Amino acid sequence: MYRVVVGVMVGLMSTGCSLNSQSLTAGFTDSAPVSRTRQTSLGGDLTTRSPTQSTERQRVASLDTARKASPSERAPKGALADRDYSGTLLNPEAAREAINQYRKSKGLKPLKLDAELTTAARAHANDLAKWDRISHYGSDGSNPWDRVKRAGYNAKLAAENVGTGQVSFTEVLKGWQESPGHNKNLLQAEAQHMGIALVQDPKTEFKTFWTLVIGSRL
(Lines give C-alpha, C1' and ligand atoms only; values in the text may rest on other atoms or scores of the structure.)
Protein backbone atom coordinates (compact mmCIF):
# COMPACT_ATOMS: atom_id res chain seq x y z
CA MET A 1 0.00 0.00 0.00
CA TYR A 2 1.30 3.42 -0.97
CA ARG A 3 -0.02 6.72 0.23
CA VAL A 4 0.72 10.39 0.19
CA VAL A 5 -0.21 12.63 3.10
CA VAL A 6 -0.28 16.36 2.53
CA GLY A 7 -0.78 19.60 4.43
CA VAL A 8 -0.72 23.23 3.27
CA MET A 9 -0.49 26.51 5.18
CA VAL A 10 -0.36 30.14 4.16
CA GLY A 11 1.44 32.12 6.84
CA LEU A 12 0.83 35.86 6.95
CA MET A 13 1.83 36.85 10.50
CA SER A 14 4.10 35.62 13.24
CA THR A 15 1.17 33.69 14.63
CA GLY A 16 0.97 31.68 11.42
CA CYS A 17 -2.56 32.72 10.59
CA SER A 18 -3.81 32.12 7.10
CA LEU A 19 -5.47 33.95 4.25
CA ASN A 20 -9.06 34.97 4.97
CA SER A 21 -8.44 34.04 8.63
CA GLN A 22 -9.19 30.40 7.79
CA SER A 23 -6.92 27.44 8.40
CA LEU A 24 -5.76 25.91 5.13
CA THR A 25 -4.91 22.38 6.11
CA ALA A 26 -5.06 18.83 4.90
CA GLY A 27 -3.50 15.63 6.13
CA PHE A 28 -5.07 12.24 5.68
CA THR A 29 -3.90 8.62 5.67
CA ASP A 30 -6.55 6.31 4.32
CA SER A 31 -5.91 2.59 4.09
CA ALA A 32 -8.55 1.97 1.44
CA PRO A 33 -7.06 2.03 -2.09
CA VAL A 34 -8.32 4.84 -4.32
CA SER A 35 -7.39 5.16 -7.99
CA ARG A 36 -7.90 8.88 -8.42
CA THR A 37 -6.49 12.17 -7.21
CA ARG A 38 -9.03 14.41 -5.47
CA GLN A 39 -8.86 18.11 -4.65
CA THR A 40 -12.01 19.77 -3.37
CA SER A 41 -10.29 23.07 -2.66
CA LEU A 42 -6.96 24.36 -1.41
CA GLY A 43 -8.31 24.33 2.12
CA GLY A 44 -10.12 21.04 1.80
CA ASP A 45 -9.21 17.39 1.49
CA LEU A 46 -6.25 16.66 -0.75
CA THR A 47 -5.20 13.04 -0.80
CA THR A 48 -3.22 11.16 -3.41
CA ARG A 49 -2.91 7.42 -3.13
CA SER A 50 -1.29 4.77 -5.28
CA PRO A 51 -3.63 1.77 -5.14
CA THR A 52 -1.38 -1.03 -6.38
CA GLN A 53 2.26 -1.62 -7.14
CA SER A 54 1.54 -2.77 -10.68
CA THR A 55 -0.76 0.02 -11.88
CA GLU A 56 0.29 3.19 -10.08
CA ARG A 57 3.79 2.76 -8.72
CA GLN A 58 5.52 4.47 -11.64
CA ARG A 59 2.84 7.10 -12.31
CA VAL A 60 4.13 10.64 -12.84
CA ALA A 61 2.36 13.81 -13.87
CA SER A 62 2.60 15.20 -17.38
CA LEU A 63 5.01 18.08 -17.88
CA ASP A 64 3.32 19.27 -21.06
CA THR A 65 0.73 21.69 -19.69
CA ALA A 66 1.24 24.29 -16.97
CA ARG A 67 -1.50 24.39 -14.36
CA LYS A 68 -3.10 27.81 -13.88
CA ALA A 69 -3.14 28.98 -10.26
CA SER A 70 -6.47 29.81 -8.66
CA PRO A 71 -6.98 33.11 -6.77
CA SER A 72 -6.95 31.24 -3.45
CA GLU A 73 -3.35 30.23 -4.12
CA ARG A 74 -2.18 33.84 -4.29
CA ALA A 75 -1.30 36.38 -1.61
CA PRO A 76 -3.07 39.76 -1.53
CA LYS A 77 -0.81 42.44 -2.94
CA GLY A 78 1.39 43.95 -0.23
CA ALA A 79 0.13 41.55 2.46
CA LEU A 80 3.66 40.83 3.73
CA ALA A 81 5.37 44.06 2.77
CA ASP A 82 5.91 45.11 6.40
CA ARG A 83 7.81 41.95 7.42
CA ASP A 84 11.61 41.87 7.70
CA TYR A 85 13.15 38.89 5.90
CA SER A 86 16.75 40.11 6.00
CA GLY A 87 17.70 37.45 8.55
CA THR A 88 15.70 34.60 7.06
CA LEU A 89 17.66 31.42 6.39
CA LEU A 90 17.34 27.66 6.64
CA ASN A 91 19.79 25.37 8.40
CA PRO A 92 18.63 21.87 7.39
CA GLU A 93 20.45 20.17 10.26
CA ALA A 94 18.94 22.55 12.79
CA ALA A 95 15.51 22.02 11.24
CA ARG A 96 15.95 18.25 11.45
CA GLU A 97 16.99 18.54 15.09
CA ALA A 98 13.96 20.68 15.93
CA ILE A 99 11.59 18.25 14.23
CA ASN A 100 13.25 15.27 15.90
CA GLN A 101 13.04 16.87 19.32
CA TYR A 102 9.32 17.32 18.75
CA ARG A 103 8.94 13.73 17.56
CA LYS A 104 10.94 12.46 20.53
CA SER A 105 8.58 14.27 22.91
CA LYS A 106 5.79 12.18 21.38
CA GLY A 107 7.74 8.92 21.64
CA LEU A 108 8.59 8.73 17.94
CA LYS A 109 11.80 7.79 16.15
CA PRO A 110 14.03 10.52 14.67
CA LEU A 111 14.19 11.33 10.97
CA LYS A 112 17.32 11.39 8.85
CA LEU A 113 17.95 13.96 6.14
CA ASP A 114 17.60 12.38 2.71
CA ALA A 115 19.11 13.83 -0.46
CA GLU A 116 16.28 12.66 -2.72
CA LEU A 117 13.53 14.04 -0.51
CA THR A 118 15.50 17.28 -0.28
CA THR A 119 15.58 17.38 -4.08
CA ALA A 120 11.79 16.93 -4.18
CA ALA A 121 11.28 19.64 -1.56
CA ARG A 122 13.58 22.09 -3.34
CA ALA A 123 11.93 21.48 -6.70
CA HIS A 124 8.50 22.30 -5.32
CA ALA A 125 9.70 25.32 -3.35
CA ASN A 126 11.34 26.68 -6.51
CA ASP A 127 8.16 26.10 -8.50
CA LEU A 128 5.99 27.85 -5.89
CA ALA A 129 8.38 30.81 -5.84
CA LYS A 130 8.47 31.04 -9.63
CA TRP A 131 4.69 31.41 -9.77
CA ASP A 132 4.27 33.12 -6.37
CA ARG A 133 1.63 30.66 -5.18
CA ILE A 134 0.79 28.15 -2.45
CA SER A 135 -0.36 24.68 -3.43
CA HIS A 136 0.53 21.00 -3.30
CA TYR A 137 0.08 20.86 -7.06
CA GLY A 138 3.06 21.93 -9.13
CA SER A 139 2.65 24.26 -12.08
CA ASP A 140 2.96 21.15 -14.28
CA GLY A 141 0.12 19.42 -12.43
CA SER A 142 2.37 17.22 -10.31
CA ASN A 143 1.43 16.17 -6.79
CA PRO A 144 3.76 15.30 -3.88
CA TRP A 145 3.88 11.63 -4.82
CA ASP A 146 4.96 12.48 -8.37
CA ARG A 147 7.78 14.70 -7.16
CA VAL A 148 9.09 12.13 -4.68
CA LYS A 149 9.13 9.48 -7.41
CA ARG A 150 10.85 11.83 -9.85
CA ALA A 151 13.58 12.47 -7.30
CA GLY A 152 14.28 8.74 -7.16
CA TYR A 153 12.83 8.02 -3.73
CA ASN A 154 11.10 4.60 -3.76
CA ALA A 155 8.44 5.53 -1.22
CA LYS A 156 6.11 3.53 0.97
CA LEU A 157 4.94 6.76 2.62
CA ALA A 158 5.33 10.38 1.52
CA ALA A 159 3.98 13.43 3.33
CA GLU A 160 4.36 17.11 2.42
CA ASN A 161 3.94 20.32 4.41
CA VAL A 162 4.15 23.71 2.71
CA GLY A 163 4.35 27.19 4.22
CA THR A 164 4.67 30.65 2.73
CA GLY A 165 5.44 34.02 4.25
CA GLN A 166 7.12 32.84 7.47
CA VAL A 167 10.27 34.68 8.54
CA SER A 168 11.97 31.74 10.28
CA PHE A 169 11.88 27.99 10.52
CA THR A 170 10.79 28.37 14.14
CA GLU A 171 7.73 30.26 12.92
CA VAL A 172 6.81 27.80 10.20
CA LEU A 173 7.32 24.80 12.50
CA LYS A 174 5.10 26.38 15.17
CA GLY A 175 2.39 26.92 12.57
CA TRP A 176 2.63 23.31 11.40
CA GLN A 177 2.43 22.05 14.98
CA GLU A 178 -0.71 24.10 15.61
CA SER A 179 -2.43 22.86 12.44
CA PRO A 180 -3.94 19.36 12.82
CA GLY A 181 -3.17 18.23 9.28
CA HIS A 182 0.42 19.48 9.29
CA ASN A 183 1.01 18.19 12.79
CA LYS A 184 -0.18 14.74 11.76
CA ASN A 185 2.46 14.77 9.03
CA LEU A 186 5.21 15.80 11.45
CA LEU A 187 4.23 12.89 13.69
CA GLN A 188 3.99 10.15 11.08
CA ALA A 189 5.14 7.11 13.07
CA GLU A 190 6.27 5.20 9.96
CA ALA A 191 8.45 8.03 8.64
CA GLN A 192 12.19 7.48 8.37
CA HIS A 193 13.50 10.39 6.31
CA MET A 194 12.93 14.05 5.56
CA GLY A 195 13.93 16.69 3.07
CA ILE A 196 13.43 20.41 3.55
CA ALA A 197 13.92 23.51 1.41
CA LEU A 198 13.47 27.26 1.57
CA VAL A 199 13.33 29.57 -1.44
CA GLN A 200 13.27 33.34 -0.93
CA ASP A 201 12.25 35.91 -3.51
CA PRO A 202 11.66 39.50 -2.35
CA LYS A 203 9.92 40.32 -5.63
CA THR A 204 7.06 37.96 -4.81
CA GLU A 205 4.10 38.67 -2.55
CA PHE A 206 4.72 35.56 -0.42
CA LYS A 207 8.48 36.29 0.00
CA THR A 208 9.37 32.85 1.44
CA PHE A 209 8.42 29.36 0.28
CA TRP A 210 9.05 26.46 2.68
CA THR A 211 8.57 22.82 1.75
CA LEU A 212 9.02 19.79 4.01
CA VAL A 213 8.80 16.26 2.63
CA ILE A 214 8.71 13.28 4.98
CA GLY A 215 8.85 9.68 3.86
CA SER A 216 9.78 6.06 4.33
CA ARG A 217 11.21 3.69 1.74
CA LEU A 218 9.91 0.36 0.61
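In this text the structure is predicted, and so the values were computed from the model without any measurement.

Enquirer: Which parts of the structure should I look at to understand the overall build of the protein chain?
Expert: Scanning the protein chain for helices and strands turns up six helices and seven strands. A burial count over the protein chain gives 53% of its 218 residues as buried. Of the roughly 10000 Å² that the protein chain leaves accessible, carbon and sulfur atoms contribute 51%.

Enquirer: Looking at this model, I keep getting lost on the packing of helix H2 (residues 92-105) against helix H5 (residues 169-178). Mind explaining?
Expert: A pair of packed helices can be characterised by two numbers: the angle between their axes and the separation between those axes. The interhelical angle for the contact between H2 and H5, taken along N-to-C directions, is 30°, at an axis separation of 11 Å. Comparing the axis directions of H2 and H5 gives the class roughly parallel. Note that H2 runs across H5; the crossing there is right-handed. Packed against H2, whose contacting residues are Ala95, Ala98, Ile99 and Tyr102, the element H5 presents Phe169, Leu173 and Gln177 at the interface. Its residues placed into classes, the contact of H2 with H5 shows six nonpolar, one polar and no charged.

Enquirer: Would you explain the nonpolar core in this entry?
Expert: One recurring pattern in soluble globular proteins: nonpolar side chains tend to sit buried together. Val148, Ala155 and Phe206 are the most contacted members of the largest nonpolar core, which has 22 residues in total. Every element with two or more residues in this core is listed here: helix H3 (115-131), helix H4 (144-150), strand E5 (155-164), strand E6 (193-200) and strand E7 (208-217). Broken down by element, the residue count for this core peaks at six residues, all from H3. Look past the residues within four positions of Val148 in its chain and what remains in contact with it is Leu117, Ala120, Tyr153, Ala155, Ala158 and Val213.

Enquirer: Please clarify how the pairing of E7 should be interpreted in this entry.
Expert: The side chains of a regular strand alternate, residue by residue, between the two faces of the sheet. Across the ten residues that make up E7, a large majority, nine, are buried. Across nine bridges, the pairing between E5 and E7 is antiparallel. If you follow Glu160 over to E7, its bridge partner there is Val213. Bridge count between E6 and E7: eight bridges; the pairing is antiparallel. Bridge pairing in E7 places Val199 opposite Phe209.

Enquirer: What should I look at first to understand empty space enclosed by the protein in this one?
Expert: Rolled over the atoms, a probe as big as a water molecule pinpoints where empty space is left. Counted by the stated rule, this structure contains one cavity of 30 Å³ or more. Estimated volume of the largest cavity: approximately 40 Å³. If you list the elements that add at least two residues to the lining of the largest cavity, you get H4 and E5. Considered class by class, the residues forming the lining of the largest cavity number six nonpolar, no polar and two charged.

Enquirer: In this structure, what is going on with the side chain of Gln166? I would like to understand it.
Expert: Relative to the assigned elements, Gln166 resides in the loop between E5 and H5. At 3.1 Å, the side chain of Gln166 and the backbone nitrogen of Thr164 are in polar contact.

Enquirer: Help me out: how do you make sense of the packing of aromatic side chains in this one?
Expert: Each aromatic ring pair is specified by the distance between its two centres and by the angle formed by the two planes. Applying the stated rule across the entire model yields two aromatic pairs. On the basis of an interplanar angle of 50° and a centroid distance of 6.3 Å, the ring pair of Phe169 and Trp210 is categorised as tilted. Here Phe169, found in helix H5, pairs with Trp210, found in strand E7; they are 41 residues apart in sequence, far enough to count as distant. Per residue, the accessibility class of Phe169 equals that of Trp210, and both read buried. When the ring of Phe206 is compared with that of Phe209, the centres are 6.1 Å apart and the planes differ by 85°; the resulting orientation is edge-to-face. A relative accessible area of 0% places Phe209 in the buried class.

Thresholds, definitions, all that
Numbering of residues starts from 1 in every chain and runs along the sequence as written. A pLDDT threshold of at least 70 governs which residues receive local features in this predicted model, and a stricter bar of 80 or more applies before side-chain atom pairs are shown or counted, although totals over entire chains, interfaces and linings include all residues. Neither water nor hydrogens contribute to the side-chain values; these are computed over all heavy atoms in the structure. The secondary structure listing takes helices from DSSP runs of H or I that are at least 4 residues long and strands from runs of E that are at least 2 residues long, numbered from the N terminus. Exposure categories follow from relative accessible area, calculated using a 1.4 Å probe and restricted to protein chains: below 20% of the type maximum is buried, above 50% is exposed, and the middle band is partly exposed. Every accessible area reported is derived by Shrake-Rupley at a probe size of 1.4 Å, with residue values counting cover from the shown protein chains alone. Fitted lines through C-alpha atoms serve as axes, helices being fitted only where they are in contact, and the angles separating the N-to-C directions of these axes extend from 0 to 180 degrees. For this classification, under 35 degrees means roughly parallel, over 145 means roughly antiparallel, 65 to 115 means roughly perpendicular, and everything else is oblique. By definition, any crossing whose near helix is turned counterclockwise from its far helix by less than a right angle is left-handed, and any crossing with a clockwise turn is right-handed. Should any heavy atoms of two residues lie within 4.5 Å, those residues are counted as being in contact. Following the grouping adopted for this structure description, the nonpolar residues are Ala, Val, Leu, Ile, Met, Phe, Trp, Tyr, Cys and Pro, the charged ones are Asp, Glu, Lys and Arg, and the polar ones are all others, Gly among them. Residue types Ala, Val, Leu, Ile, Met, Phe, Trp, Tyr and Cys, when buried and joined through side-chain atoms within 4.5 Å, form a set referred to as a nonpolar core. Between any two strands, pairing holds if DSSP finds at least two bridges. Only protein atoms enter the 1 Å grid, on which a cavity is a set of points fitting a 1.4 Å probe that cannot get out and a pocket is an open set with protein on both sides within 12 Å along at least 5 of 7 lines, lining residues being those with an atom within 4 Å of a point. Grid points are joined across faces, edges and corners, and a volume is the space filled by probe spheres set on the points. Here a polar contact is recorded for every N or O atom pair within 3.5 Å, except that within protein the pair must consist of a potential hydrogen donor and a potential acceptor, and residues adjacent in sequence are included only if both atoms are side-chain atoms. Centres within 6.5 Å make a pair out of two Phe, Tyr or Trp rings, where for Trp the six-membered ring is used; the pair is then stacked when the planes are under 30 degrees apart, edge-to-face when over 60, and tilted otherwise.

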